[in-house]
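The residues making up each chain are set out below.
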Amino acid sequence: MGSMRIVLLGATGYTGRLAAETMVRAGLAPTLAGRRHDDLVRLADRLAPLAPSPQTEPGIAVADATDSASVRTLLHDGDDVLVSTVGPFMELGTAAVAAAVDAGAGYLDSTGEPPFIRSIFQEWGPRAEETGARLIPAFGYDYVPGNLAGAIVCARARETGHTPTRVDVGYFVDGEFGLSSGTKASAAGVMLSPSFGFRQGQLLKGNPSGTRSFDVGRNRSWKAMPVAGSEHFGLPRVESDLTDVGVWLGWAGRWTPAAAVAGQVAGSLAAIPGIDSGVTALRRRLAKTTGQGPDSAARGRARTLVVAEATDAVGRPLGTVCLTGPSPYDLTAELLAWGAVSLATKGVSPGAHGPVDAFGLDVVERGCADMGLIAIT
Ligand SMILES: NC(=O)c1ccc[n+]([C@@H]2O[C@H](COP(=O)([O-])OP(=O)(O)OC[C@H]3O[C@@H](n4cnc5c(N)ncnc54)[C@H](OP(=O)(O)O)[C@@H]3O)[C@@H](O)[C@H]2O)c1
């Protein structure tokens, strides 16, 4: 692996611990970074025996996301890759991406927060192009499988001579889904933030109201509500004829229609003076609890299920791709480890990217298949 350095900021959190273990087992010798020295030592001691050799045991480094200078010291040069699982990202994520851009380094994160994703593409991406940094946000269950399924369904349509102009991606969990502490805090944070979508060839504010159904196989039709993802940025770069990209979230299960209504109500509440500070207080309160989430038995009862549908300019369906894979948190850990080593070893061009436009469809498809995320239709 040469001088490759992978630094995992947030290693002591719930997602961070899973990613750290995956990286150590894979022999990536990660530097485990976080704000509490003693917790990092304990984690590194626990994981060291899992390393394939003494040379690949993890190191540690202390940095606080509220102190940008300390985060900048984590990176030595542009060959380093910084992986951040420190959320809520809208509150704590900026120092990591700023450090990566300044160092001209590789950067991945586990964010699912749409405003943060948008800022990486629109604000940080152009700066990264100047410094040589390569940024791929939302490299977890949200939103890698949808980028992959969307790219596959478009490629299949092309193979049969059709031109896909619209893709809709639905995110589901098959089985029981428990949320981690960080997911709850981040969800509270994005409650009032304006949504966006890719329509008529442009990034536009807002999203349609209501829900839509996706055929998820085995004669099941599941509802999902519109959200903002990274597909709005990533997929039009992969398939240039796309004018519309819809991202839909269905993991609230039978509560999805109610959640869609709540989302609309929350959107209109945003205009009420003072409500913003109430949501910030809730997010901060939730963010005080870290490191909690479903245990491995509970994760074993959940499977990732993501569907992409393509249509042409007159609305004719061109096909459906359904991906299934490990539970959302296990998948996120695998993706972050795979993405880090891929960023370090494959020639990705400077700037902000979606997963498929960064690495190419074949590479992402093979990498995901190795972690058990595969197309069943
Ligand atoms: N996109 C996806 O599919 C996906 C999947 C999983 C997670 N996520 C997101 O990833 C984020 C993390 O989730 P999680 O459940 O792992 O959260 P978590 O368990 O609460 O962990 C948060 C981590 O951030 C660290 N942290 C908090 N404040 C910090 C600071 N000032 N400086 C340095 N580190 C700080 C915590 O350190 P301590 O350990 O010292 O408290 C902890 O390591 C959330 O935003 C979540 O939504 C997304």
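Residues numbered from 1 in each chain as written. Predicted model: local features only at pLDDT ≥ 70, side-chain atom pairs only at ≥ 80, totals over all residues.

A. Representation of the environment of Leu18 in the model. One can find Leu18 in helix 1 (residues 14-25). On the basis of neighbour counts, which here come to 23 C-beta atoms within 10 Å, the residue Leu18 falls in the buried class. With 314 residues separating them along the chain, Leu18 and Thr332 place their C-alpha atoms 8.6 Å apart. Setting aside residues up to four positions removed in sequence, Leu18 forms contacts with Tyr329, Asp330 and Ala333. (Helix = DSSP H or I, 4+ residues; strand = E, 2+ residues; numbered from the N terminus. Buried ≥ 20, exposed ≤ 12 C-beta atoms within 10 Å, placed from the backbone. Contact = placed C-beta atoms within 7 Å.)

B. Just unusual backbone geometry, in detail. Following Gly87, the chain continues into Pro88 via a peptide bond in cis, with omega recorded as 0 degrees. Here the residue pair Asp142 and Tyr143 is connected by a cis peptide bond, since its omega of 0 degrees sits within 30 degrees of zero. Structurally, the position occupied by Tyr143 is in the loop between strand 6 (134-136) and helix 7 (144-159). With a phi angle near 45 degrees, Ala29 is a residue other than glycine that sits in the positive phi range. The topology assignment puts Ala29 in the loop between helix 1 and strand 2 (31-34). Of note, the phi angle at Arg218 is positive, near 50 degrees, even though the residue is not glycine. For Arg218, the position within the fold is in the loop between strand 10 (212-215) and strand 11 (221-227).

C. Geometry of the domain arrangement of the chain. For the chain, the domain assignment lists domain 1 (6-141 + 329-359) and domain 2 (144-327). Between the C-alpha centres of domain 1 and domain 2 the distance comes to 23 Å. Of the residues lining the interface, 30 residues belong to domain 1; the matching set on domain 2 comes to 36 residues. Classifying every residue of the side of domain 1 that touches domain 2 gives 17 nonpolar, 7 polar and 6 charged. (Domains from an automatic or database assignment. Nonpolar A, V, L, I, M, F, W, Y, C, P; charged D, E, K, R; others polar.)

D. Geometry of helix 7. Compared with the 22 Å implied by 1.5 Å per residue over 16 residues, the 23 Å span of helix 7 between its first and last C-alpha is a close match. The buried fraction of helix 7 is high, at 12 of 16 residues. Looking one or two residues past helix 7, Gly161 carries a phi angle of roughly 85 degrees, positive in sign. (Expected span 1.5 Å × (residues − 1).)

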